[in-house]
Amino acid sequence: MPRVQPIRTEAIVLRHRPLGDADRICVLSSPTRGRIEAVAKGVRRPLSKLSGHIQPLSRGQFSLARGRNLDIITEAQTLDAWPALHEDVDRMTDAIAIAELVDRSTDLDLAARPTYELLHHSLATIATTGSTQAARWWFTIHLLDQQGYRTELEACVLCRVDLQPDGNGFSAADGGVVCPACHRRGGGRRLSSPAFRLLRYMRRSSPEATAQVRVDADTAVELEQHLQALLEHSIDERLKSRGFANALAIAGQFGRSAANAAARERKERNRAAI
């Protein structure tokens, strides 16, 4: 039987979990194959050559061999380690949140280049920007657009009148902004002018530019609530069934506990290497 050549792909490590005493199952995001689940054999042993190249929230070049049930990682080379994502809890929290959303909204072995590039751009921004929260908001809006849930920000979702900045409401169930007249008739929750302007700005701007915008605390809380509601009404049951939309939108307990767990694991690795 002819030998099957390994598959080479660039990928971002979304997460991994232990398998047996020495292995890990790694979940990767690839532009050509979407979500990949692959085994890194022996990676938990002290002298493993793979261990430094399959860390969550890193980008690398991978060689994969076909296994009976899962692919097997035969080679890995780090392209972007993004150390800042692992050294700061706030950065790690937001980075884990968007990686988790990609994990749960991307199909196995189905090309997903736009999603991969969106994730890559967003992680690189979170690693360098001062406002990781704004970069996460930007990611959420653009991922929803890619998934076919484009948020209406130009015309009222109920009566289609052109929108002005003031007096609007926001209806996640209807998919966007409602005009003042429809809002007064019970359409949606209040949408402040600063939140409305920022949503529009994020639609047409880069994550780097979005991260430069100063956002007051009240507007930040409001945006979190609206984006949480959008996710709950837009992304499919895989997310809703596990309560993930809330965890992403508020970047709260899930992200912070996962970040702290990752930090503890990194400290243990460093102590073992001494």
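It should be noted that the structure appears before, not after, this text.
Residues numbered from 1 in each chain as written. Predicted model: local features only at pLDDT ≥ 70, side-chain atom pairs only at ≥ 80, totals over all residues. Heavy atoms only, no water.

Q: Tell me what's going on with the pattern of salt bridges, and back it up with residues and numbers.
A: Here the structure, examined in full by the defined rule, presents 17 salt bridges. Here Glu-10 ties to Arg-59 by a salt bridge, and the two come within 2.8 Å at their closest N and O atoms. With Glu-10 in strand E1 (residues 7–19) and Arg-59 in strand E4 (residues 59–65), this residue pair connects regions lying 49 residues apart in the sequence. Glu-10 gets classed as partly exposed once you look at its relative accessible area, which sits at 24%. Assessed through its relative accessible area of 13%, Arg-59 is described here as buried. (Salt bridge = Lys/Arg side-chain N within 4 Å of Asp/Glu carboxyl O. Helix = DSSP H or I, 4+ residues; strand = E, 2+ residues; numbered from the N terminus. Buried < 20%, exposed > 50% of the residue type's maximum accessible area, 1.4 Å probe, protein only.)

Q: Outline the nonpolar core, listing residues and values.
A: In terms of nonpolar packing, the biggest core is built from 50 residues, with Leu-57, Leu-85, Leu-123, Trp-137, Phe-139 and Leu-199 touching the most fellow members. Listing elements by their share of this core, those giving two or more residues are E1, helix H2 (89–105), helix H3 (113–128), helix H4 (132–146), strand E7 (176–178), helix H6 (193–204) and helix H8 (217–234). Considering each element in turn, this core owes the most residues, eight residues, to H4. Apart from residues lying up to four places away in sequence, Leu-57 is in contact with Val-13, Ala-81, Trp-82, Leu-85, His-86, Met-92, Ala-95, Ile-96, Ala-99 and Leu-123. If you look at the next biggest cluster of nonpolar residues, it comprises 14 residues, including Val-13, Val-43, Leu-64 and Ile-73. (Core = buried A, V, L, I, M, F, W, Y, C linked by side-chain atoms within 4.5 Å. Contact = heavy atoms within 4.5 Å.)

Q: Before we move on, can you summarise H6 with the specific residues and values?
A: For H6, built from twelve residues, the straight-helix expectation of 16 Å at 1.5 Å per residue is met to within 8% by its first-to-last C-alpha distance of 17 Å. Residues of H6 that are buried include every one of Ser-193, Ala-195, Phe-196, Leu-198, Leu-199, Met-202 and Arg-203, and no others. The opening residue of H6, the one whose side-chain oxygen lies 3.3 Å from the backbone nitrogen of Ala-195, is Ser-192. (Expected span 1.5 Å × (residues − 1). Polar contact = N/O pair within 3.5 Å; in protein donor to acceptor, adjacent residues only side chain to side chain.)

Q: I'd like a rundown of the sheet that holds E7, residues and numbers included.
A: Pairing between the strands of a sheet is mediated by backbone hydrogen bonds and can be parallel or antiparallel. Pairing in this open sheet of three strands is antiparallel, and the strands run E7-E6-E8 from one edge to the other. Taken across any chain shown, the strands that pair with only one partner, and hence form the sheet edges, are E7 and strand E8 (189–190). Direction of pairing for strand E6 (residues 169–171) relative to E7: antiparallel, over a ladder of three bridges. Pairing of Phe-170 across the sheet is with Val-177, part of E7. (Pairing = 2+ DSSP bridges.)

Q: Break down the state of the cysteines for me, citing the residues and quoting the values.
A: On inspection of all chains with the given rule, the structure shows zero disulfides. The closest cysteine sulfur to the non-disulfide-bonded Cys-159 is located on Cys-179, 3.6 Å from its own sulfur. (Disulfide = S-S within 2.5 Å.)

Q: Tell me about the sheet that holds strand E5 (residues 71–80), and name the residues and values.
A: Spatial strand order, E1-E2-E3-E5-E4: five strands in a closed barrel with mixed pairing. Across this sheet, the average inter-strand angle for adjacent strands is 50°, counted without regard to direction. Strand direction decides the pairing type here: E1 and strand E2 (residues 23–30), joined by seven bridges, are antiparallel. From the neighbouring strand, Arg-17 faces E2, where its bridge partner is Ile-25. H2 contacts E1, E2 and strand E3 (34–40) of the sheet and is inclined by roughly 105° relative to E1. Contacting E1, E2, E4 and E5, H3 runs over the sheet at an angle of about 70° to E1. (Axes fitted to C-alpha atoms, helices over the stretch in contact; angles between N-to-C directions.)

Q: How would you explain unusual backbone geometry if you had to name every residue and give the values?
A: The phi dihedral of Leu-57 is positive, around 65°, even though this residue is not glycine. Here Leu-57 shows up in the loop between E3 and E4. Given a relative accessible area of 3%, Leu-57 falls into the buried group. With a phi close to 55°, Asp-109 is a non-glycine residue in the positive phi region. For Asp-109, the location among the structural elements is in the loop between H2 and H3. Taking relative accessible area as the criterion, Asp-109 reaches 46% and is therefore assigned partly exposed.

Q: If you had to explain the environment of Gln-61 to someone new, which residues and values would you point to?
A: Topologically, Gln-61 is positioned in strand E4. Taking relative accessible area as the criterion, Gln-61 reaches 24% and is therefore assigned partly exposed. Sequence spacing of Gln-61 and Gln-77 is 16 residues, and the spatial spacing of their C-alpha atoms is 5.2 Å. Ignoring any residue separated from it by four or fewer positions in sequence, one finds Gln-61 in contact with Arg-8, Thr-9, Glu-10, Glu-75, Ala-76, Gln-77 and Leu-79.

Q: Explain the packing of H4 against H8 to me, and be specific about the residues and the numbers.
A: Closest axis-to-axis distance for the H4/H8 pair is 11 Å, and the angle between their directions is 30°. Overall, the two elements H4 and H8 adopt an arrangement that is roughly parallel. Pair H4 / H8 crosses with left-handed handedness. Contact residues: Gln-133, Arg-136, Trp-137, Thr-140, Ile-141 and Leu-144 in H4; Ala-220, Leu-223, Glu-224, Leu-227, Leu-230, Leu-231 and Ser-234 in H8. When the residues that make up the contact of H4 with H8 are grouped by side-chain class, the tally is eight nonpolar, three polar and two charged. (Parallel < 35°, antiparallel > 145°, perpendicular 65-115°, else oblique. Left-handed = near helix turned anticlockwise from the far one by under 90°. Nonpolar A, V, L, I, M, F, W, Y, C, P; charged D, E, K, R; others polar.)

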